[in-house]
Amino acid sequence: MKMFLLSSFLSSEDVTILQDSFLPLLKGVLSYTIPLTLISFAIGLILAITTALFRISGIKVLSGIARVYVSIIRGTPLLVQLFIVFYGLGNLGIEALKFEPFVGAIIAFSLNTGAYASETIRASILSIEKGQWEASSSIGMSYLQSLRRVILPQATRVSVPPLSNSFIGLVKETSLASTILVSEMFRKAQEIVATTYTPLLVYVEAGAIYWVICFLLSVLQGRIENRMNRYVKT
Amino acid sequence: MKMFLLSSFLSSEDVTILQDSFLPLLKGVLSYTIPLTLISFAIGLILAITTALFRISGIKVLSGIARVYVSIIRGTPLLVQLFIVFYGLGNLGIEALKFEPFVGAIIAFSLNTGAYASETIRASILSIEKGQWEASSSIGMSYLQSLRRVILPQATRVSVPPLSNSFIGLVKETSLASTILVSEMFRKAQEIVATTYTPLLVYVEAGAIYWVICFLLSVLQGRIENRMNRYVKT
Amino acid sequence: MINMNNISKQFGDLVVLKDISLQVEQGKVVVIIGPSGSGKTTLLRCLNVLERPEDGSITIDQQTLKFSEKVSKKEIREFRKQTGMVFQTYNLFPHFTAVQNVMEGPITVQKVAKAKAREKAVDILTKVGLHEKMEVYPYQLSGGQQQRVGIARAMAIDPKVMLFDEPTSALDPELVGEVLQVMKKLAAEGRTMVVVTHEMSFAKEVADEVLFMDNGMIVERGEPSVLFEQPKEERTKQFLNLIKQ
Amino acid sequence: MINMNNISKQFGDLVVLKDISLQVEQGKVVVIIGPSGSGKTTLLRCLNVLERPEDGSITIDQQTLKFSEKVSKKEIREFRKQTGMVFQTYNLFPHFTAVQNVMEGPITVQKVAKAKAREKAVDILTKVGLHEKMEVYPYQLSGGQQQRVGIARAMAIDPKVMLFDEPTSALDPELVGEVLQVMKKLAAEGRTMVVVTHEMSFAKEVADEVLFMDNGMIVERGEPSVLFEQPKEERTKQFLNLIKQ
Amino acid sequence: SSVDEEESSSGSDQSSDKSLYEQIQEEGVLTVGTEGTYAPYTFHNENDELTGYDVEVAKEIGKRLDLEIEFKETKWDSMFAGLNSNRFDMIANQVGIKPDREEKYSFSVPYTYTSAVLVARKDNNDMQSFEDLEGAVSAQSLTSNYADIAKEYGAEIQSVEGFNPAMELLNNDRVDATVNDRLSVLDYLKEKGDQSKVEIVAKEDNASETAMMFRQDNPELVEAVSGALKEMKEDGTLEEISNEWFNEDVSTQ
Ligand SMILES: Nc1ncnc2c1ncn2[C@@H]1O[C@H](COP(=O)(O)OP(=O)(O)OP(=O)(O)O)[C@@H](O)[C@H]1O
Ligand SMILES: Nc1ncnc2c1ncn2[C@@H]1O[C@H](COP(=O)(O)OP(=O)(O)OP(=O)(O)O)[C@@H](O)[C@H]1O
Ligand SMILES: [Mg+2]
Ligand SMILES: [Mg+2]
């Protein structure tokens with residue numbers, strides 16, 4: 001695709017635009033896209049583990065809360081969630097809920113990641129054989145000890161591939177943060193388009209940058225999986 | 001959340017706006033969101049199965065094509081894909097590639113679904129025990145017969161939950177089709193906001209409609225899973 | 001009936017079968033014993049061409065496969081129909097009921113009409129004592145019943161030879177009997193059978209010949225009474241001691 | 001040492017253990033046999049409180065659990081440390097090496113210092129013949145070796161009683177011996193053991209008493225030579241015929 | 001020489017002997033890009049029909065050129081993509097005439113002369129005149145002339161995607177002001193009535209001009225549209241349409 005475009009469509013001006021826009025785009029990546037992704041994913045993971053444990057706790061109230069949270073987040077578009085966190089909460093007149101764009105974005109993305117990843121983590125915990133729970137309690141471990149020492153380490157291995165997918169997905173979804181004024185890469189691209197009037201060109205460039213990030217991440221994913229798989233037959 | 005908003009924030013005017021906007025939103029759902037989702041998902045599934053079979057075929061060229069396709073689609077934002085299909089291909093001067101908005105949206109969403117779902121399907125095929133392949137070839141079945149009669153039916157069961165997630169995700173992603181002139185529900189919401197100047201209200205309403213659709217779909221998913229699970233111990 | 005000549009098989013660098021030759025006459029029952037990793041399963045799988053030997057040839061009835069030459073997939077599929085394989089872990093099709101499992105071969109491979117295939121499947125299942133369980137899914141059957149469906153499925157394609165790979169080793173002790181019973185019945189009917197098993201009583205009662213394999217070779221062969229009671233080779237003695245313990 | 005009084009257990013409507021009472025003296029080895037589903041595993045799991053009986057009480061050494069009353073999780077955990085459980089399918093922790101598996105109980109539960117736990121684990125693994133395999137992961141071990149790690153892990157918490165649930169039934173015939181060897185050694189050392197197994201030779205050689213269970217009840221009990229050779233009950237005779245076949 | 005020509009080059013050599021305008025005339029359809037979400041210029045009414053000042057002007061032009069007008073609705077940035085890639089041939093969306101745009105696109109004669117107003121929250125007493133923008137944060141559309149005005153007065157720009165987000169931010173008290181189109185703001189205030197938290201605090205008389213926008217490969221069409229617009233100005237039709245939407249004439253300076 002890229003080669004095709006390159007050979008048949010790029011005038012020298014196009015090339016100039018691509019070059020000029022590269023640095024601003026990169027800046028958007030480094031100062032917003034990546035921090036946003038990393039921080040949201042980290043918080044989201046903590047949320048996700050908590051939610052997953054609530055779901056499997058067998059305590060009705062907790063698993064109810066978890067269910068409702070997951071259902072609302074998974075049932076509505078991320079865009080709407082961003083709007084509610086930023087404009088909705090900001091409108092209540094409570095100063096503490098009037099988040100900065102970056103903070104608002106982190107809240108919305110963390111909530112979103114938390115809900116989706118909780119399902120992954122729940123499934124991976126459930127995928128660990130019952131025998132592992134039994135073996136650990138038979139040597140006297142408590143529920144929390146079993147979880148921490150035996151179940152979660154194994155569940156982690158199972159959930160690395162789907163969580164990596166979520167992570168890579170999140171990188172691209174951060175582009176929606178532009179709606180609440182975070183100047184991540186896609187926002188930068190829009191700003192450039194606003195002066196060059198070449199949306200296709202600049203968006204494809206942005207797409208290529210996303211692709212490179214995703215590619216690097218998937219290489220990293222492969223490494224992590226290998227490390228995690230050291231204790232299973234291959 | 002909804003109750004909260006209802007009791008403390010809705011003026012009678014707000015209620016009128018909600019009522020007036022319901023029909024247009026519903027129309028957006030019925031005439032675009034749902035058809036777009038259904039058709040794209042159906043085509044995407046066929047693509048996904050083909051791609052998955054390419055990947056596991058062991059034939060270098062085929063699995064190479066599949067890899068590149070999946071990598072490009074998964075590595076770039078859907079928005080960029082929509083731009084390329086609609087504005088990029090439309091610009092080549094080949095009449096056949098200048099799709100109508102609805103057709104362009106279907107192509108982009110199908111390609112997108114195809115790539116993501118192919119990974120799901122590939123994983124589910126690989127999850128079927130080797131013994132099943134052996135048992136079917138030991139009674140003389142060919143590769144394709146084994147696949148069709150033995151492997152795919154079982155793989156289908158395994159892949160129903162993740163594919164349902166993709167499907168539900170697609171419902172929400174169709175909101176991006178507004179970028180290429182399809183007036184699906186989210187576009188309708190934007191149009192309404194343009195005259196009522198109440199973005200939060202209308203977007204929350206749209207979110208609620210998405211949520212209802214997703215909820216209904218997940219009920220359906222439960223039914224299908226039950227049917228699929230008739231031959232496994234529960 | 002079966003004529004294996006100089007069969008060799010290796011996985012990567014690991015030589016698993018070393019130049020094995022073996023004849024089995026029509027109607028005979030051969031039992032193969034040997035330690036884990038000695039190549040018993042691989043030998044059986046070569047007979048069913050689930051593994052392709054690097055060298056040698058196999059003849060069953062009229063058809064011969066020469067593995068030094070190119071063999072087409074179609075030839076392999078044809079050849080496969082001469083043998084019916086029964087797996088250690090049954091490998092039933094979980095999404096088919098018992099009778100559907102048995103009908104699958106005739107319908108899909110031999111293109112028999114559905115009604116006729118069903119009739120035949122019912123006959124076979126009755127023979128293995130399962131006519132009351134025809135419409136249930138594998139998960140609803142005990143291990144012994146599942147294995148009998150496995151035997152029925154293999155028989156449904158009318159193979160000239162039945163191959164069994166430790167057909168009872170995944171079963172609870174009390175269920176073993178059911179399956180051995182069916183196998184004895186088949187032997188009594190004069191079927192040619194090659195059976196990998198450590199069930200001594202079965203071997204003693206039914207086998208015409210017992211082979212002891214070790215390290216990819218047939219170390220010793222003979223009538224069961226002779227091989228079990230007066231093994232010649234040191235390795236055989238050692239092994240028999242272990243499993244009798 | 002063990003005193004089980006009127007233990008009852010049901011799953012939903014299914015009564016699995018019916019008012020079972022059982023005494024085992026210190027240093028004795030009891031073998032439990034019986035058909036599939038008779039409740040052998042459940043009985044053993046009750047001793048480890050992996051299942052909570054609905055009624056009755058269990059005393060091991062000094063500690064008693066009365067199941068008609070409320071029993072706290074902490075009490076159960078304390079009680080559990082008196083028994084070491086060895087599972088049919090090993091249930092080793094796959095992400096820990098052999099020695100880490102054995103150290104886990106002492107470190108996490110008994111809060112023993114790491115170095116000390118390691119020392120002890122090495123001792124135990126040496127005893128079960130695995131001192132060369134200490135640093136490998138379970139997947140790199142044969143079934144027999146894995147089961148020996150399982151035994152070592154159970155022993156590491158210094159239980160007063162060792163419980164074995166068909167510890168050799170998932171093993172290849174030639175690997176069974178290794179595990180039985182270790183178990184015999186434990187018995188010879190005077191450990192109290194409750195063993196579910198169908199290995200007759202082991203029972204004959206080691207057991208002080210054999211229990212035959214059926215349908216949730218202990219149908220017959222006695223010294224192995226007596227119970228195996230002259231069973232009194234019809235049901236016992238039937239079962240022994242089946243597994244001797 | 002411009003980028004747009006590159007991106008749209010394929011359109012112009014479709015059938016080389018006829019000009020684009022001739023092709024359009026042959027088909028009898030003029031495709032027009034518009035946002036459809038910018039009241040009262042281009043939006044959907046209660047009956048869900050696309051209407052507004054720009055829309056009606058475009059329709060009248062169609063009548064005069066004997067062309068059927070087909071509207072294509074999309075977002076601001078997609079509108080340029082659509083024009084560049086021949087998805088449509090004209091944009092009717094209050095596009096202001098600016099030097100950097102003139103480099104890449106062609107414009108008709110203007111059909112709107114509108115002025116800028118400064119909007120601030122009613123409870124903000126520090127924002128009374130354009131001079132107060134110095135050091136304040138103002139929400140502005142990415143490319144509008146209003147952004148330039150705000151910048152000239154020394155405001156820090158918070159860029160947004162259009163009129164609605166700008167007003168929303170102001171409502172939310174996340175920015176101090178917005179410099180925006182007078183007529184849009186009036187429409188907004190009318191819709192909100194007494195509930196409005198914002199008000200117009202100052203006016204800038206310097207009017208800006210907006211016009212229909214085209215690719216540069218289509219001079220005949222530009223000429224034809226300009227001709228029609230001039231005619232409409234002369235015979236009073238444009239004033240009539242303007243009065244219908246604004247109760248005043250915005251079509252002359
Ligand atoms: N697909 C394979 N790839 C690599 N090595 C294999 C494969 N199949 C079998 N082997 C190796 O070949 C050797 C013989 O295996 P085989 O399964 O034939 O032994 P066996 O006698 O059936 O043993 P068991 O009693 O354990 O079933 C073993 O060392 C095994 O690890
Ligand atoms: N968690 C459970 N829920 C419901 N039923 C159970 C459960 N565990 C065991 N059972 C049932 O209890 C009965 C006794 O089971 P148990 O596992 O104790 O038998 P067993 O004698 O160990 O059999 P086997 O020789 O097959 O291991 C069986 O009918 C079994 O299906
Ligand atoms: Mg084998
Ligand atoms: Mg049991």
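Residues numbered from 1 in each chain as written. Chains lettered and ligands numbered in written order. Predicted model: local features only at pLDDT ≥ 70, side-chain atom pairs only at ≥ 80, totals over all residues. Heavy atoms only, no water.

Trainee: Any chance you could explain the nonpolar core here in plain terms?
Mentor: In globular proteins that are soluble, nonpolar side chains generally tend to be buried together. Of all hydrophobic cores here, the largest spans 231 residues; its most connected members are Tyr53(E), Val57(E), Ile61(E), Met212(E) and Val225(E). The residues contacting Met212(E), other than those within four sequence positions of it, are Asp54(E), Val57(E), Ala58(E), Ile61(E), Met90(E), Ile91(E), Ala92(E), Ser106(E), Phe107(E), Ser108(E), Tyr111(E) and Val225(E). (Core = buried A, V, L, I, M, F, W, Y, C linked by side-chain atoms within 4.5 Å. Buried < 20%, exposed > 50% of the residue type's maximum accessible area, 1.4 Å probe, protein only. Contact = heavy atoms within 4.5 Å.)

Trainee: Would you explain the sheet that holds strand S10 (residues 217–222) of chain C in this entry?
Mentor: Paired through backbone hydrogen bonds, the strands of a sheet run either parallel or antiparallel to each other. Residue and element names in this part refer to chain C. Pairing in this open sheet of 6 strands is mixed, and the strands run S6-S7-S8-S3-S9-S10 from one edge to the other. Each of the sheet's edge strands pairs with one partner strand only, and the pair in question is strand S6 (83–86) and S10. Each strand of the sheet is rotated relative to its neighbour by a mean of 20 degrees, with strand direction disregarded. One ladder, built from 4 bridges, connects strand S3 (residues 29–33) with strand S8 (residues 192–196); its direction is parallel. In the strand pairing of S8, isoleucine 32 is matched with valine 196. Across the sheet, helix H5 (residues 143–155) touches S6 and strand S7 (161–165), and the angle it forms with S6 is around 165 degrees. (Pairing = 2+ DSSP bridges. Helix = DSSP H or I, 4+ residues; strand = E, 2+ residues; numbered from the N terminus. Axes fitted to C-alpha atoms, helices over the stretch in contact; angles between N-to-C directions.)

Trainee: What am I meant to see in the UniProt feature "domain: ABC transmembrane type-1" (unreviewed entry) in chain A here?
Mentor: This chain's UniProt record puts "domain: ABC transmembrane type-1" (unreviewed entry) on residues 30–221 of chain A. Secondary structure within residues 30–221 of chain A divides into 82% helix and 0% strand; the distance between the first and last C-alpha atoms comes to 20 Å. (UniProt positions renumbered as here; feature names shortened; annotations may be inferred.)

Trainee: Can you help me understand the interface of chain D and chain A in this one?
Mentor: Counting from both sides, the interface comprises 23 residues of chain D and, opposite them, 20 residues of chain A. The shortest N-O distance in the salt bridge between Glu104(D) and Arg149(A) comes to 2.6 Å. At the junction of chain D with chain A, the criterion picks out 7 residue pairs in polar contact (both at pLDDT 80 or more). At the level of secondary structure, the elements contributing two or more residues to the side of chain D that touches chain A comprise helix H2 (73–80), strand S6 (83–86) and helix H3 (98–109) of chain D. Top contributing element to the side of chain D that touches chain A by residue count: H3(D), with 4 residues. (Salt bridge = Lys/Arg side-chain N within 4 Å of Asp/Glu carboxyl O. Polar contact = N/O pair within 3.5 Å; in protein donor to acceptor, adjacent residues only side chain to side chain.)

Trainee: Where do I start with the packing of helix H6 (residues 130–138) of chain A against helix H7 (residues 143–173) of chain A in this structure?
Mentor: Relative orientation and spacing of two packed helices are given, respectively, by the angle between their axes and the distance between those axes. Residues and elements named next belong to chain A. Two elements in contact, H6 and H7, have axes separated by 10 Å at closest approach and are oriented at 140 degrees. The orientation of H6 with respect to H7, classified from their angle, is oblique. For H6 against H7, the interelement crossing comes out right-handed. Note on element contacts: H7 touches H6 through Tyr143, Ser146, Leu147, Val150, Ile151 and Gln154, opposite Gln132, Trp133, Ser136 and Ser137. Considering only residue class, the contact of H6 with H7 consists of 5 nonpolar, 5 polar and no charged. (Parallel < 35°, antiparallel > 145°, perpendicular 65-115°, else oblique. Left-handed = near helix turned anticlockwise from the far one by under 90°. Nonpolar A, V, L, I, M, F, W, Y, C, P; charged D, E, K, R; others polar.)

Trainee: What am I meant to see in the site of ligand 1 here?
Mentor: Taken together, 13 residues form the shell around ligand 1, and within it Ser36(C), Gly37(C), Lys40(C), Thr41(C) and Thr42(C) come nearest. Site remark: ligand 1 is flanked by residues from chains C and D. Measuring from an oxygen atom of ligand 1, one finds a side-chain N or O atom of Ser36(C) at 2.6 Å. Measuring from an oxygen atom of ligand 1, one finds a backbone N or O atom of Gly37(C) at 2.8 Å. Relative to its free-state accessible area of 640 Å², ligand 1 is covered by the protein chains to the extent of 62%. Broken down by secondary-structure element, the contributors of at least two residues to the shell around ligand 1 are strand S2 (14–24) and helix H1 (40–47) of chain C. Broken down by element, the residue count for the shell around ligand 1 peaks at 3 residues, all from H1(C). Class assignment for the residues of the shell around ligand 1 results in 4 nonpolar, 6 polar and 3 charged. (Near = heavy atom within 4 Å. Areas by Shrake-Rupley, 256 points an atom, 1.4 Å probe, with all protein chains shown as cover.)

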